[in-house]
There are 4 protein chains.
Amino acid sequence: MAGDRKALSVALIGAGRIGSMHAEHLARHIPAAMLAAVVDLDAASARACADRYGVSWTTRLEHVLHDAAINAVVICTSSTTHTEIIEAAAASGKHIFCEKPLDLSLERIDRALRAVRDGGVLLQVGYQRRFDAGFQRVQRAIVTEEIGVPHSIHIASRDPAPPSLEFLKKSGGLFLDMSIHDFDMTHFLLGQPIRRVFATGAVRINSAIGAIGDVDTATVLLQAEDGTLITIENSRKATFGYDQRLEVFGSKGSIRVENVSPNSAVILGKDGERRDNPHHFFIERYRDAYVAELRAFADAILHGRDSPLSGEDARVSVEIALAATQSLETSLPVDLVSA
Amino acid sequence: MAGDRKALSVALIGAGRIGSMHAEHLARHIPAAMLAAVVDLDAASARACADRYGVSWTTRLEHVLHDAAINAVVICTSSTTHTEIIEAAAASGKHIFCEKPLDLSLERIDRALRAVRDGGVLLQVGYQRRFDAGFQRVQRAIVTEEIGVPHSIHIASRDPAPPSLEFLKKSGGLFLDMSIHDFDMTHFLLGQPIRRVFATGAVRINSAIGAIGDVDTATVLLQAEDGTLITIENSRKATFGYDQRLEVFGSKGSIRVENVSPNSAVILGKDGERRDNPHHFFIERYRDAYVAELRAFADAILHGRDSPLSGEDARVSVEIALAATQSLETSLPVDLVSA
Amino acid sequence: MAGDRKALSVALIGAGRIGSMHAEHLARHIPAAMLAAVVDLDAASARACADRYGVSWTTRLEHVLHDAAINAVVICTSSTTHTEIIEAAAASGKHIFCEKPLDLSLERIDRALRAVRDGGVLLQVGYQRRFDAGFQRVQRAIVTEEIGVPHSIHIASRDPAPPSLEFLKKSGGLFLDMSIHDFDMTHFLLGQPIRRVFATGAVRINSAIGAIGDVDTATVLLQAEDGTLITIENSRKATFGYDQRLEVFGSKGSIRVENVSPNSAVILGKDGERRDNPHHFFIERYRDAYVAELRAFADAILHGRDSPLSGEDARVSVEIALAATQSLETSLPVDLVSA
Amino acid sequence: MAGDRKALSVALIGAGRIGSMHAEHLARHIPAAMLAAVVDLDAASARACADRYGVSWTTRLEHVLHDAAINAVVICTSSTTHTEIIEAAAASGKHIFCEKPLDLSLERIDRALRAVRDGGVLLQVGYQRRFDAGFQRVQRAIVTEEIGVPHSIHIASRDPAPPSLEFLKKSGGLFLDMSIHDFDMTHFLLGQPIRRVFATGAVRINSAIGAIGDVDTATVLLQAEDGTLITIENSRKATFGYDQRLEVFGSKGSIRVENVSPNSAVILGKDGERRDNPHHFFIERYRDAYVAELRAFADAILHGRDSPLSGEDARVSVEIALAATQSLETSLPVDLVSA
């Protein structure tokens, strides 16, 4: 494939489920980038992933950071290691794509963002929903004032089933693990500071989730600088699959996106009209968005553009998630001091 | 129409817009009831309405309350007069259908409800949405556990345009005038106490509404006794007409009702796929529900059944509306003490 | 109800299922008309219906035809008696609303239409679908050229279950009994002559229907004067209820109407997204249309307007239905000679 | 990409629009196949396409047919050359994927199919719609009897705009160029012989199309062996884009697939509810299906399975298209003699 020139050599760091997906996309679907190496502490995982695409592998991060042929890294390790790897990569002059969340601590995030600025590299964070055709359509309706000025937003965001309790214990709680995507979506759509956060929650699905101090059902109410009211409904378990809906109501009208189905079939029978359920979970639902975010990453680097989803952007949703966590604990609204 | 026996003789009190509609329904669409008299302080209004159906009219309430042939009254006067008329009617042994809200004061409501109990008459309050086919379908899905146990509810409830400032000044504010329907819907669907209310609001449509101390855009978050989270989005102005949508998410699934359109046409053209807007406002949207509530009123009296929407039911939404008003003023959640 | 002035006194002829429905509409829902008498050969049926509204009844048609106080008749007897009654009513100077079809013979129809013209009365035929909000919306889209010039029409028209074999034997066959509504719809929408008819059919539901020489499943293809291609799909049995859909494709776009549901509920669960079935059959589906057609009848008489659905209009669909019957028998297209 | 083992070496023959698309899919999206060479009579086209993927190119078909390293060919040349190339490829022992139609002559098709059988190679024809998720869902509903036994099928199949007159002159007419996809779909869904064809058509879009003896609007009625009635509506121009809808009505219910949109957005505003138009044309609409058909081709070869869409399958739709053409010319139904 000599003729298929790929300008960017990318190392994948972390070859788990999401890392393997990004590897596939880098190897096949991003004309401007190529997968050059795979890093994983687990040699077997690293090798398995690397062999699939005929690239080299290693268990040592330094190997790729010291490799001048590598232009960028895609970080898919566990959340607690993100900022440390970002700092090392930035120091080595590698551009960085990092899975969400950057970290659960604003201090560690700020330190990492300083490192990124000092390194003069580009950092993009993996909130893939921003690259979904539906949500981009909504954003366009706002930017072009097709629906006028937004007055309120409603997000329904639910998973098909809770993750393991083990995972949940380290997740930082529902708001930092799950709602954070919706906070980022709000930031994407409105692009203005949130001034107040009020969070409510309940344990309705699994009492074991309550036992570890978390909730499995929550509704968060945000108010933006200009008064726009945002409601986010979350649940760890929707029997009908992955629930990802959103509506923005504005001065001229409203735009909503509905769940995306694998087919457009409508079946009529004696029990009524039926459609198949939406895509079951994020890998299928956001397949195109995951490709698009890496494409945007490669394009931004190659054309010297700003990051399409900077560390500063990503910091915002962590800040809101921490405020929501506090609001739930205190049963009081939390005011965010605008920068 | 001698053969068309109507068991119930009903006097209409207040022949304004909503009263005229009820008169039409009583005269034509409620087999078990007949319009017998019209009362209005304004003689011309009373006469115009009465003449349409060939019945008697008066400007004096006593005339109908002292008329032994009258079995029931339908009260459509301005809100501030409701409790007083209820008390007089109850004392005269007339059954009572009263438009919402009963009153803006819980004390006056309680006094009126005592009068109703003392009079041994039936009182039904006019939250017509409970009689809408769609919302009844939702309630049935809850009662039959078609969607399992409710975990959260989302209501979008918006008017096509704000009423006059004059009206707004006396309305008691958005929560007592408009959201109160949604609070009643919540009570209808869940049938359990609300323990906490948090209300947010903004002036986004007309600054004159802010100037009189009200909001025109609001989102209220309720939490029910069992933890169920309810979100209500209100606006005084939806360009696309009357917005009346609702979704209940439960342990086994979800049910929502969408806006109701005057036709099922879908138009395809170069600018996309288009459907006509929903019914413009409540008179058209709830035409069938308005008939159904009066039918239920007549049936309950004739068959000695309990009121399908009692004064005690109607008191609940006033209580929540007052709490929401307080929450908006204080920017704090308000706890409701359960009875 | 002295004040409720009804200008038109109407006698119902034939107090069966559809007649009883029209009686109810005349008595309650048509401000401009009043039910004045009921005629039925069966005294019990006549009396039962008349008593419901406190009007007189008779088993003798002459009684109402000779009654100068009666302005109009609504004919709901069996099809074979229609033309004879029309002729008698026309001779008596009564305006006539007649259920479909006028007759299965063009000769008898023509004789009856002459009698109508000679009597100087108004005749309206009961193809109620023309008065349905959805189909009227489609017609408006054609008339206003919202979809440009029509190029093709597709009608899906299916019953929930076949009628009794007894009924079918006298029905004239699928095209004269059932498709005739769709032929009338085509005439309503296009308002131009049909030049060619090709009909296909099959026995797929009940072989007993085949045994009496009829089909239970059919597709008819019409071509209009200007080339517009019309397809009509019929079936005697749709498990999901009454199927009444239509799409007109034109030079600027397309408009379709979908089935009408009793509610707008959407239920999500593990087996997919579900909606309740449409209205089960014509009485529920076309409730408003049945009222509207009688309202139009009364209005046309009172305002001296042309019949909204004349005998000449109604003759067209019989002509097409006869051609379709012939086409099915010969397996060949049938050309209609334009007038 | 040494590690990315591709078992099948494929030569592309014909590097035009559809050929370039297949090249991209072979190079990137079919794990089991790799693009190995590009053949085009036009050297510039061949080179441009080959260079994109770093593979060799030639203007001489023999070069790839004599190349033992090549396992299969994908034929995307103009229709008139298909059978000749198929014969040469079969003689060289290359497996063959050929774009539709095989040819417009049943004789030439039969000769080519004999060559395929003699060569012992696999031939798959490019009716990509069979590999679309929606249509596959419909087929599954038939096979599993989810909708019972099919009674009728309705296909709406319209292009966004007519091709050039130059193209149309050589196309064989609407039925052989456009409806042929729908005939194939019918064959795919029912898998039983068609016994009768009746075709109607009109010139409604562009009189120049009529001047070359073709129609631009057509409706074809087929009847299958068991009586199932199939209607196909075609048009060369739908203002709203590519119209690809289908409904199968059966003894237990009905299944339809609607057009596929690039997003699920619904916009509400004063002019009604709006959705964006469906994908504009076949390249976008069937992107996934085009990948899936080549994947199925590679898999069938590698696992020694039968062709998923054989030459014999593809012959069926040509036979129906020729009968439709004859029916249109004679204005009579055409009976097909079953094999």
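These numbers come from a predicted model, not from an experiment.

Reading the values: rules and limits
Residues numbered from 1 in each chain as written. Chains lettered and ligands numbered in written order. Predicted model: local features only at pLDDT ≥ 70, side-chain atom pairs only at ≥ 80, totals over all residues. Core = buried A, V, L, I, M, F, W, Y, C linked by C-beta atoms within 7 Å. Buried ≥ 20, exposed ≤ 12 C-beta atoms within 10 Å, placed from the backbone. Contact = placed C-beta atoms within 7 Å. Helix = DSSP H or I, 4+ residues; strand = E, 2+ residues; numbered from the N terminus. Nonpolar A, V, L, I, M, F, W, Y, C, P; charged D, E, K, R; others polar. Pairing = 2+ DSSP bridges. Least-squares fit on C-alpha atoms with pLDDT ≥ 70 in both. Axes fitted to C-alpha atoms, helices over the stretch in contact; angles between N-to-C directions. Parallel < 35°, antiparallel > 145°, perpendicular 65-115°, else oblique. Left-handed = near helix turned anticlockwise from the far one by under 90°. pLDDT = per-residue confidence, 0-100. Domains from an automatic or database assignment.

## Re the nonpolar core
In this structure, Val10(C), Val10(D) and Ile96(D) are the most contacted members of the largest nonpolar core, which totals 225 residues. If we ignore the near neighbours within four places in the chain, the residues touching Ile96(D) are Ala72(D), Val73(D), Ile75(D), Ile86(D), Ala89(D), Ala90(D), Val116(D), Val121(D) and Leu123(D). Of all hydrophobic cores here, the second largest spans 224 residues; its members include Leu189(A), Val125(B), Val257(B) and Ala298(B).

## Considering unusual backbone geometry
Each neighbour pair has its own omega, and for Lys100(C) with Pro101(C) the value is -10 degrees, a cis peptide bond. If you trace the backbone, Pro101(C) turns up in the loop between strand 5 (95-99) and helix 5 (106-119). In this structure, Ser331(B) takes a positive phi of about 60 degrees despite not being glycine. Residue placement: Ser331(B) occurs in the loop between helix 12 (311-330) and strand 15 (334-335).

## Things to note about the interface of chain C and chain B
Counting from both sides, the interface comprises 33 residues of chain C and, opposite them, 33 residues of chain B. Elements supplying a minimum of two residues to the side of chain C that touches chain B: helix 2 (43-53), helix 6 (133-143), strand 12 (253-257) and strand 13 (265-269) of chain C. When its residues are assigned to classes, the side of chain C that touches chain B shows 15 nonpolar, 9 polar and 9 charged. In this sheet, strand 12 of chain C lies alongside strand 13 (residues 265-269) of chain B in antiparallel orientation, the contact comprising 5 bridges. In the strand pairing of strand 12 of chain C, Ile267(B) is matched with Ile255(C).

## Some points on the relation of the copies chain C and chain D
With an axial shift of 0.0 Å and an RMSD of 0.1 Å, the rotation relating chain C to chain D amounts to 180 degrees. Here the transformation between the copies is reduced to the relation of a two-fold axis. Minimal C-alpha separation from the rotation axis in chain C is found for Leu332(C), amounting to 3.3 Å. Both copies present the same face, since 100% of the interface residues in chain C are matched by interface residues at the equivalent positions in chain D.

## Remarks on the packing of helix 8 (residues 174-190) of chain B against helix 12 of chain B
Residue and element names in this part refer to chain B. Two elements in contact, helix 8 and helix 12, have axes whose closest approach is 8 Å; the angle formed by their N-to-C orientations is 125 degrees. Considering the angle they form, helix 8 stands oblique to helix 12. When the axes of helix 8 and helix 12 are compared, the crossing they make is right-handed. For the pair helix 8 and helix 12, contact is made by Phe-175, Leu-176, Ser-179, Ile-180, Phe-183, Asp-184 and His-187 and by Asp-313, Val-316, Ser-317, Val-318, Ile-320, Ala-321, Ala-324 and Thr-325, respectively.

## With respect to the relation of the copies chain C and chain B
Take chain C, turn it by 180 degrees, move it 0.0 Å along the axis, and it overlays chain B with an RMSD of 0.0 Å. Comparing contact sets, 100% of the residues at the interface of chain C also lie at the interface in chain B, consistent with an isologous, same-surface contact.

## Points about the interface of chain C and chain D
Where interface size is quoted, it is often the accessible area lost as the parts come together. Listed as interface residues are 25 residues of chain C and, on the opposing side, 25 residues of chain D. Among the elements of the structure, strand 7 (150-158), strand 8 (194-202), strand 9 (217-224), strand 10 (229-235) and strand 12 of chain C are those that each provide at least two residues to the side of chain C that touches chain D. Of the residues belonging to the side of chain C that touches chain D, the class tally is 8 nonpolar, 14 polar and 3 charged.

## With respect to the confidence of the model for chain A
Model confidence for chain A is summarised by a mean pLDDT of 95, while 98% of its residues fall at 70 or above. Across the interfaces of the predicted complex, the ipTM metric reaches 0.94, alongside a pTM of 0.95.

## Focus: the domain arrangement of chain A
Residue and element names in this part refer to chain A. Each assigned domain of chain A is listed with its residue range as follows: domain 1 (8-121) and domain 2 (130-289 + 316-335). A separation of 28 Å is found between the C-alpha centroids of domain 1 and domain 2. Residue composition of the side of domain 1 that touches domain 2, by class: 6 nonpolar, no polar and 1 charged.

## Description of the pairing of strand 13 of chain C
Residue and element names in this part refer to chain C. Sheet analysis places strand 13 next to strand 14 (residues 272-275), joined by 3 bridges and oriented antiparallel. Across the sheet, the residue bridging to Leu-268 is Glu-273, located in strand 14. The antiparallel hairpin formed by strand 13 and strand 14 contains 2 residues in its connecting segment.

## Remarks on the packing of helix 6 (residues 133-143) of chain B against helix 8 of chain B
If you want to describe how two helices pack, look at the angle between their axes and the distance between the axes. All names here are of chain B. At a closest axis distance of 9 Å, the pairing of helix 6 and helix 8 adopts a crossing angle of 35 degrees. Seen from helix 6, the contacting residues are Phe-135, Val-138, Gln-139 and Ile-142; seen from helix 8, they are Met-185, Phe-188 and Leu-189. Its residues placed into classes, the contact of helix 6 with helix 8 shows 6 nonpolar, 1 polar and no charged.

## Brief notes about the environment of Ser331(B)
The partly exposed category is assigned to Ser331(B), around which 15 C-beta atoms lie within 10 Å. For the pair Ser331(B) and Val74(B), spaced 257 residues apart in the sequence, the C-alpha separation amounts to 39 Å.

## Digging into the sheet that holds strand 3 (residues 56-58) of chain C
Residues and elements named next belong to chain C. Reading across the sheet, the 6 strands line up as 3-2-1-4-5-6 and stay open at both edges, with parallel pairing between neighbours. With one partner strand each, in any of the chains shown, strand 3 and strand 6 (123-126) form the two edges of the open sheet. Averaged over all adjacent pairs, the angle separating strand axes in this sheet is 25 degrees, with direction ignored. Sheet topology places strand 1 (residues 8-13) next to strand 4 (residues 72-75); 4 bridges connect them, and they run parallel. Residue pairing across strands places Leu-12 opposite Val-74, the latter belonging to strand 4.

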